[in-house]
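Single-letter residue listing:
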Amino acid sequence: MAEQMPQTPLLDELEKGKWPSFVKEMKAAAKKSPMARDLLGQLEQSYKEKIGHWKHGGIVGVMGYGGGVIGRYSDLPEKFPGVSHFHTIRVNHPAGWFYKTDALRKICDLWEKHGSGLTNMHGSTGDIILLGTKTADLEPVFAELGALDFDLGGSGSAVRTPSCCVGKARCEWACYDTMRSCYDFTMAFQDEIHRPAFPYKFKFKFSGCPNDCVASIARADMSIIGTWRDAIQVDQAAVQEYAKGGLDIQNDVIGNCPAKCMKWDGKKLDIDNQYCRRCMHCINAMPKALAPGKDRGATVLIGSKAPIIEGALLSSVLIPFTKMEPPYADLKEIVTKIWDLWCEEGKNRERIGEFIQRVGMGNFLEAIGLEPQPEMVAHPRENPYVFYEEYFEEEGEGEKK
Amino acid sequence: MTQAVAERRTDFGPPQYERFLPPAIKKNYGKWKYHEILKPGVMVHHAESGDKLFTVRAASGRLLSIDKIRLYCDLADKYCDGYFRFTSRHNVEFLTDKSENIEPLIADLKKLGHPVGGIGNAISAIVHTQGWIHCHSAATDASGIVQSVMDDLIGRFEQRELPGKLRIALACCLNMCGAVHCSDIAILGIHRRPPKLDHANLKKLCEIPSASASCPTAAIRPATVNGLPSVEVIEEKCMFCANCFTVCPAMKMNNPLNDGVSIWVGGKVSNARVEPMFSKLAIPYLPNNPPRWPEVTEAVRNLVDLWAKNARKYERMGEWINRISWPKFFKMAGIQFQKEHIDDFRHAGLTFKRSTHLTF
């Protein structure tokens, strides 16, 4: 392994700007860790050659788990032995990404002992990513993480580590308790997180309001997005204050209302709530004056994903409104039905969104026992080729086949 | 041994989050009334109890050394009773009920080299992936481009004078870890050469049926090459998705001569005003030009400047373009519209202009 810091003239260029430099972070780790030194050396070579130097992941892990560790090996192991094994450990983060410093310092200590000293805070899915360790260190890391009450997250064709927005911890717009739900679902589905048994990955993301701060509608197989059913709460005096403070309520607030369900006469804001689409714009623009209603819950949507394989999808409405109250039994029952169907009928590496596209939303709903509702579609079908499943036979005197 | 297995503790999950919530949050959990942005990167949440909670948000970088995490811990111990958090966009947030702590905390963060901002109508940190640092399928580096773009746009992070929010994301290949495909500006690593086949090892490294089944355009079929079972690729049917490489390491996609970066615009995930939207292709290809990717940095800066100058208040990039029309956008941005801009995969016809609503 590299005894000395590698020469990195290309990467050094990336220390010269004002944005926090990842190269400085790598060099800080490289002062202590020969693994990090070789990582730096290999990355410099990638910058020279314009290509990565990692082999396909291998199957490594800890006993009893089928995921949570991503095997990673350099394709230049002789030149950079420090990264010949450089596995990633996904650690399930605490809901909302809140930490107490004593706990986090202990994770730093164990990663100084067993790994490269480099992390991602956090990976795209939400986990704490411990970047770079050797196969022999996996069990000790797991044991020491466990002693700190941190468990592994998901990888492969499993439930991936659920994540959520800050919710009721620090947001007045949280329409249900995102952190509690996220933790509850994480605990309920530990086996499904740790032992991949699905056709492909399955992600849950919990957002407290339609602003969707964890991008659940774009990347969760099940997107649970807070909403409300009753009237927006209005403090008329505070609305007037915003107007006096220079906010152009007619143009900037009402002009942007997708339902055109608001009126402003210079004194009073009048909202026709039966047409409100819960888009959040007016509330975002005047947080001191407006708030979501009191009958709060969530809309549950299904099926979003990135392009691989059949193209990107956004989630679409599955349950227009549910109260999202513990123990979330109704939703968990639907989830289980969806998984049973998908495990039985889904193709290898077919996300639930692609599965629904293939079998048809109508058939999917029927199979999981949900009634079709107009909220589930942007508009009814335009194409007249309907798959009717029954017809009358003349011989049977009008009985259906 | 049996006993050791029996004692092994598994499936205990993450720590219960309440252990890590500051007392001011525990007390006011679910009882927040409203918030105000006091200045760039600083906001205050008012609780029904009358309590106030101040948040200071700083750019963190996604790749962190344990030394840096310990320095954050020092700041949290000094100013926030030992509590802090991270955001969904790789920022770090310090929360305190003591307003007198804000300025010294900001000064200490700046000393550490971490700018404060990213709240409200500003650019927040760029969500991104592993790139050459740690991924086998990367068509470009992630951290290096993010570094170069944000070194350039840091001023837009540290203020809040943009028309609306601007969310930039980067994915180093078409797998798109993170919500890259619904960003105001998405930077995406792309391949442009069909897989290079390692026929000698393909049978050893891959399952041939899975390799052929992985192709969304059915361009891969089993074949015998030099007497060995392998696959062949109908190159004109390859759209460089790299799904085959994901299931078969002997179908290598990474290629320094052809890999590069594309730029996409106008996506969003929030439901505010208009419904969530995918990002659309603006620039099909820019070269991989490390260490600073000047072509990418300049392209992103131009797009941000153009939107900032022309959009109306609250208009996100996609809302602005939808108002002015795509032909106008291409003209204003000085981007040549070409064949690659027109979709030719599933549902492509839905993206054709099916009206005479045109601007001239």
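From a predicted model like this one, the values you see are computed outputs, not experimental measurements. Residue indices begin from 1 for each chain and proceed along its sequence in written order. Note on labels: chains are lettered from A, ligands numbered from 1, in written order. In view of the model being predicted, local features appear only for residues whose pLDDT reaches at least 70, and side-chain atom pairs are presented and counted only at 80 or more, with totals across whole chains, interfaces and linings using the full set of residues. Only heavy atoms go into the side-chain values, all of them from the structure, while hydrogens and water stay out.

(A) Spatial organisation of the overall build of chain B. Going along the chain from the N terminus, every DSSP run of H or I of four or more residues is numbered as a helix, and every run of E of two or more is numbered as a strand. On a plain count of helices and strands, chain B comes out with 11 helices and 14 strands. Any two residues having at least one pair of non-hydrogen atoms within 4.5 Å are treated as being in contact. Look at the contacts in chain B between residues 6 or more apart in sequence, and 63% of them connect residues 24 or more apart. All accessibility values rest on the Shrake-Rupley procedure with a 1.4 Å probe; residue burial counts only the protein chains present in the view. Summing over all exposed atoms, chain B offers an accessible surface of approximately 14900 Å²; the carbon and sulfur share of this is 53%. Of note, chain B has its 47 positive side-chain charges centred 4 Å away from the centre of its 36 negative side-chain charges. The positive count covers Lys and Arg only, the negative count covers Asp and Glu only, and His and the chain ends enter neither. Charged side chains are reduced to one point each, which is NZ for Lys, CZ for Arg, CG for Asp and CD for Glu.

(B) Representation of the overall build of chain A. If you tally the helices and strands in chain A, you get 14 helices and 14 strands. Along the first, second and third principal axes, the C-alpha atoms of chain A reach 80 × 75 × 40 Å. Sequence separation of 24 or more characterises 65% of the internal contacts of chain A that already satisfy a separation of 6 or more. Of the accessible surface of chain A, which amounts to about 16700 Å², a share of 51% is contributed by carbon and sulfur atoms. Each charge class in chain A can be summarised by its mean position, and for the 49 positive and 55 negative side chains these summaries are 8 Å apart.

(C) Quick look at the pattern of salt bridges. By definition here, a salt bridge exists when the distance from a side-chain nitrogen of Lys or Arg to a carboxyl oxygen of Asp or Glu is within 4 Å. Summed over the entire model, instances satisfying the criterion amount to 40 salt bridges over all chains. Close ionic contact of lysine 113 of chain A with glutamate 144 of chain A constitutes a salt bridge, the shortest N to O distance being 3.3 Å. Of this pair, lysine 113 of chain A sits in helix H4 (residues 101–114) while glutamate 144 of chain A sits in helix H5 (residues 138–147), and the two are 31 residues apart along the sequence. Residue burial is assigned from relative accessible area. The probe radius is 1.4 Å, only protein chains are included, and a residue is buried under 20% of its type maximum, exposed over 50%, and partly exposed in between. Taking relative accessible area as the criterion, lysine 113 of chain A reaches 57% and is therefore assigned exposed. In this structure glutamate 144 of chain A comes out as partly exposed when scored by relative accessible area, which is 26%. Its salt-bridge partner being lysine 98 of chain B, residue aspartate 97 of chain B comes within 3.6 Å of it at the nearest N-O pair. Residue class for aspartate 97 of chain B comes out partly exposed when judged on its relative accessible area of 42%. For lysine 98 of chain B, a relative accessible area of 30% gives the class partly exposed. Salt bridges linked by common partners bring Arg170 of chain A together with Arg57, Arg85 and Glu93 of chain B together as one network.

(D) Highlighting the side chain of histidine 35 of chain B. Mapped onto the fold, histidine 35 of chain B is located in strand S1 (residues 32–39). A polar atom in the side chain of histidine 35 of chain B sits 2.6 Å from the side chain of glutamate 172 of chain A. Discounting chain neighbours no more than four positions away, the residues touching histidine 35 of chain B are Glu172, Trp173 and Pro287 of chain A together with Met43, Val44 and His45 of chain B. N or O atoms closer than or at 3.5 Å make up a polar contact, with two conditions inside protein: a donor-capable atom paired with an acceptor-capable one, and, for residues adjacent in sequence, both atoms drawn from side chains.

(E) The nonpolar core, seen in detail. Residue types Ala, Val, Leu, Ile, Met, Phe, Trp, Tyr and Cys, when buried and joined through side-chain atoms within 4.5 Å, form a set referred to as a nonpolar core. Counting 105 residues, the largest nonpolar core has Phe204, Met222 and Leu318 of chain A as the members making the most contacts within it. Other than its neighbours up to four places away in sequence, phenylalanine 204 of chain A contacts Val159, Pro162, Ser163, Phe185, Phe189, Ala220, Met222, Ile224, Val335 and Trp339 of chain A.

(F) Looking closely at the interface of chain B and chain A. Between chain B and chain A, the residue contacts involve 110 residues of the former and 114 residues of the latter. The buried area of a pairing is the accessible area, by a 1.4 Å probe, that goes missing from both parts when the two are put together, added over both. Interface area, chain B with chain A, both sides summed: about 10200 Å², of which 60% is carbon and sulfur. Remark: the boundary between chain B and chain A carries 13 salt bridges. With its nearest N and O atoms 3.0 Å apart, the salt bridge here joins aspartate 149 of chain A to arginine 9 of chain B. Linking chain B to chain A there are 64 residue pairs in polar contact (both at pLDDT 80 or more).

(G) Local environment of the packing of helix H13 (residues 352–359) of chain A against helix H14 (residues 361–368) of chain A. Residue and element names in this part refer to chain A. Axis definition: a line fit to C-alpha positions, over the contact stretch in the case of helices; interaxial angles, taken between N-to-C directions, run 0 to 180 degrees. At their nearest, the axes of H13 and H14 sit 6 Å apart, and the two run at 110° to each other. One element, H13, and the other, H14, form an angle in the roughly perpendicular class. Listed contacts from H14 to Ile352, Phe355, Ile356 and Val359 of H13 are Met361, Asn363 and Phe364. Classes in brief: Ala, Val, Leu, Ile, Met, Phe, Trp, Tyr, Cys and Pro nonpolar; Asp, Glu, Lys and Arg charged; the others, Gly included, polar. Taken together, the residues that form the contact of H13 with H14 break down as six nonpolar, one polar and no charged. Should an angle fall under 35 degrees it is taken as roughly parallel, and over 145 as roughly antiparallel, whereas 65 to 115 is taken as roughly perpendicular and any remaining angle as oblique.

(H) Quick look at the sheet that holds strand S4 (residues 115–121) of chain A. The pairing criterion for strands is at least two bridges between them, as found by DSSP. Spatial ordering of the open sheet is given by S1(A)-S2(A)-S5(A)-S4(A)-S4(B), a layout of five strands whose pairing is antiparallel. Sheet topology places strand S1 (69–70) of chain A together with strand S4 (63–65) of chain B at the edges, where each strand pairs with a single neighbour. Two strands pair when backbone bridges link them, and S4 of chain A and S4 of chain B are joined in this way by three bridges, in the antiparallel orientation. Among the inter-strand pairings, threonine 119 of chain A is bridged to a residue of S4 of chain B, identified as leucine 64 of chain B. Each of S4 and strand S5 (128–133) of chain A is contacted by helix H3 (residues 34–49) of chain A, which is oriented at about 65° to S4 of chain A, the strand it contacts most. This element, H4 of chain A, spans strand S2 (87–91), S4 and S5 of chain A of the sheet and lies at about 140° to S4 of chain A.

(I) Structural view of the sheet that holds strand S8 (residues 185–190) of chain B. Residues and elements named next belong to chain B. Pairing in this open sheet of four strands is mixed, and the strands run S7-S8-S13-S14 from one edge to the other. The outermost strands of the open sheet, each flanked by one partner alone, are strand S7 (168–171) and strand S14 (280–287). Shown here is a sheet whose adjacent strand axes are inclined to one another by a mean of 20°, direction ignored. Relative to strand S13 (residues 260–265), S8 is paired through six bridges, and the arrangement is antiparallel. Note that in S13 the partner of leucine 188 across the bridge is serine 262. On the sheet, helix H11 (residues 326–333) packs against S13 and S14 and is oriented at approximately 30° with respect to S14.

(J) Structural detail: helix H4 (residues 102–111) of chain B. Residue and element names in this part refer to chain B. Buried within H4 are the following residues: Ile102, Leu105, Ile106, Asp108 and Leu109. Buried residues of H4, viewed axially, fall in a sector of 160°; they line one side. Facing away from the buried side of H4, by more than 90 degrees, are the exposed residues Lys110 and Lys111. Those residues of H4 that are buried are in contact with S1, strand S2 (42–47), strand S3 (52–59), helix H3 (66–79) and strand S6 (91–96). After H4 finishes, the residue glycine 113 shows a positive phi value of roughly 90°. It is the directions from the helix axis to the C-beta atoms whose arc is reported.

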